[in-house]
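Chain by chain, the residues run as shown.
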Amino acid sequence: MGLPPDKARTAVLRSKLCHRCDAAPPAAKVRYEELHLRLCQPCIDYVRKDEAYIQMVTRKVRQALVDVGATAPDKPAPSGTAPRASKRACERCGKHTAHAKAKFDDVGKSQRVCRHCLAKHPQFQSTLRAAESDLRSGERRAAADARATLAELLQMNPGHSAVLYALACAECSLGNVDACLSHLADAQRHGHDDAAALRVDPLLAAARQRPEFATLVAKYDAAAD
């Protein structure tokens, strides 16, 4: 005779220990860092607090960069005509197509700028440096904070090779090796060429154990030749 449904569920949950602390029986399955894990109640409480903290960091980054990378929407096309892609030149360098709006202190007003000029914005650069510093502090929470910040920067300036590389390091340090390898491949496609860093960066130690990593390094080497 089988167990009642509620007792059967309890038996299944208790068949394995909590995936986070590996000490107590799990109480439920929850989503944490893009995974569904069976966690005990104390870990569930911690995870919810941790996710709330990361969301708070993300809001702070958005507020700090309020003048950097605001989307520059195109004017709607007249009725009955096909919309045309915007080809406005960057109002700062005049060399590339405008990508977003940003305010620089030497001008004092928002300008339509290209991705290259956006990457040179002092606030963008200082935020990237701060995230890289947090990432290399060795603390898991700091790495999670850095990942949230870097994700915001990448959304603001897609294809930024330094942001992609740092985001790859963040993902690897948090145990997300597949995401790490994906970001490294994107970084290489967008101009990141420091193959030496891939070979020695301690944050990429877990990724170096994967067979795909050698193929990726070979692509870096080939691009450098």
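Residues numbered from 1 in each chain as written. Predicted model: local features only at pLDDT ≥ 70, side-chain atom pairs only at ≥ 80, totals over all residues. Heavy atoms only, no water.

Things to note about the environment of V107
For clarity, the threshold we go by: Strands are runs of DSSP state E lasting at least 2 residues, helices are runs of H or I lasting at least 4, and numbering of each runs from the N terminus.
Position of V107 among the secondary structure elements: in the loop between β4 (100–103) and β5 (110–113). When the C-alpha atoms of V107 and R92 are compared, they prove to be 9.5 Å apart, with 15 residues separating the residues in sequence.

Regarding the packing of aromatic side chains
The condition is simple: Centres within 6.5 Å are what make two rings of Phe, Tyr or Trp a pair, Trp counting through its six-membered ring; a difference in plane orientation under 30 degrees is then read as stacked, over 60 as edge-to-face, and the rest as tilted. In this scheme, the term charge over a ring applies when either NZ of a lysine or CZ of an arginine sits within 6 Å of the ring centre and within 35 degrees of the ring normal.
Counting across every chain of the model gives zero aromatic pairs. Above the ring of F104, the side-chain terminus of R92 is found at 3.9 Å from the ring centroid.

A closer look at the pattern of salt bridges
Quick note on the threshold: One speaks of a salt bridge when a side-chain nitrogen belonging to Lys or Arg is within 4 Å of a carboxyl oxygen belonging to Asp or Glu. Throughout this description, buried means an accessible area under 20% of the type-specific maximum (1.4 Å probe, protein chains only), exposed means over 50%, and partly exposed covers the range between.
Scanning all chains against the criterion turns up seven salt bridges. Where D186 meets R189, a salt bridge forms, and the shortest distance between an N and an O atom there is 2.0 Å. Pair noted here: D186 and R189 are both in helix α7 (residues 177–189), with a separation of three residues, about one helical turn. In this structure R189 comes out as exposed when scored by relative accessible area, which is 56%. Across the pair R199 and D221 runs a salt bridge, and its minimum N-O distance is 2.6 Å.

A few points about the pairing of β5
Two faces belong to every sheet, and in a regular strand the side chains alternate between them. As a reminder of what qualifies: Between any two strands, at least two bridges found by DSSP are needed for them to pair.
Pairing of β4 with β5 involves four bridges; the strand directions are antiparallel. Counted as the bridge partner of A100 is V113 from β5. Once β4 ends, the chain turns through six residues before running back antiparallel as β5, passing G108 with a positive phi of about 85°.

Some details on the environment of A148
You can see A148 is positioned in helix α5 (residues 140–156). Exposure remark for A148: the relative accessible area of 9% places this residue in the buried category. Considered as a pair, A148 and A131 are 17 residues apart in the sequence and their alpha carbons are 9.0 Å apart.

Some remarks on the packing of helix α4 (residues 122–135) against α5
The criterion, for reference: Where helices are involved, their axes are fitted lines through C-alpha atoms of the stretch in contact, as for all axes, and angles between N-to-C directions lie from 0 to 180°. Under this scheme an angle from 65 to 115 degrees is roughly perpendicular, one under 35 degrees roughly parallel, and one over 145 degrees roughly antiparallel; angles in between are oblique. Here a crossing is taken to be left-handed if its near helix is turned anticlockwise relative to the far helix by less than a right angle, and right-handed if that turn runs clockwise. Here, residues are in contact when the closest pair of their heavy atoms is within 4.5 Å. Gly is placed with the polar residues, together with every amino acid not listed as nonpolar (Ala, Val, Leu, Ile, Met, Phe, Trp, Tyr, Cys and Pro) or charged (Asp, Glu, Lys and Arg).
The N-to-C vectors of α4 and α5 enclose an angle of 150°; their axes lie 8 Å apart at closest approach. The orientation of α4 relative to α5 falls into the category roughly antiparallel. Once α4 is placed against α5, the crossing between them reads as left-handed. Note on element contacts: α5 touches α4 through A142, A143, A146, T149, L150, L153 and M156, opposite F124, T127, L128, A131, D134 and L135. Its residues assigned to classes, the contact of α4 with α5 comprises 10 nonpolar, two polar and one charged.

Concerning the confidence of the model for the protein
Interpretation of the predicted coordinates at a detailed level should be avoided for regions scoring low in pLDDT. Put simply, the rule is: pLDDT runs from 0 to 100 and stands for how confident the predictor is about each residue.
Mean pLDDT for the protein: 80, with 72% of residues reaching 70 or above. Summarising per-element confidence for the protein, the mean pLDDT is lowest in helix α1 (residues 5–13) (45) and highest in helix α6 (residues 161–173) (96). When the criterion is pLDDT under 50, residues 72–77 qualifies, and its contacts beyond four places in sequence or with other chains add up to nine contacts.

Some remarks on the nonpolar core
Selection criterion: Buried residues of nine kinds, namely Ala, Val, Leu, Ile, Met, Phe, Trp, Tyr and Cys, make up a nonpolar core once their side-chain atoms join them within 4.5 Å.
L150, L184, L198 and L204 are the most contacted members of the largest nonpolar core, which totals 44 residues. Among the elements of the structure, α3 (115–119), α4, α5, α6, α7, α8 (195–200) and α9 (211–224) are those that each provide at least two residues to this core. For this core, the element with the most residues is α6, which contributes nine residues. Look past the residues within four positions of L184 in its chain and what remains in contact with it is Y165, A168, L204, F213, L216 and Y220. One finds C18, L39, C40 and C43 within the second-largest nonpolar core, a separate group that totals five residues.

Regarding α7
Quick note on the threshold: Residue count minus one, scaled by 1.5 Å, sets the expected span of a helix.
Here α7 contains 13 residues, and its C-alpha end-to-end distance of 18 Å stays within 8% of the 18 Å for a straight helix at 1.5 Å per residue. Taken together, the buried positions of α7 are V177, C180, L181, H183, L184, A185, A187 and Q188. Looking at the buried side of α7, the elements it contacts are α6 and α9. Positive backbone phi, at 110°, marks G191, one or two positions downstream of α7.

A look at the state of the cysteines
This is how it is decided: Count a disulfide wherever a pair of cysteine sulfur atoms falls within 2.5 Å.
Going through the model one piece at a time under the given rule, you end up with zero disulfides. C172 forms no disulfide, and the closest cysteine sulfur to it belongs to C180, at a distance of 4.1 Å. On the basis of relative accessibility, which here comes to 6%, the residue C172 falls in the buried class.

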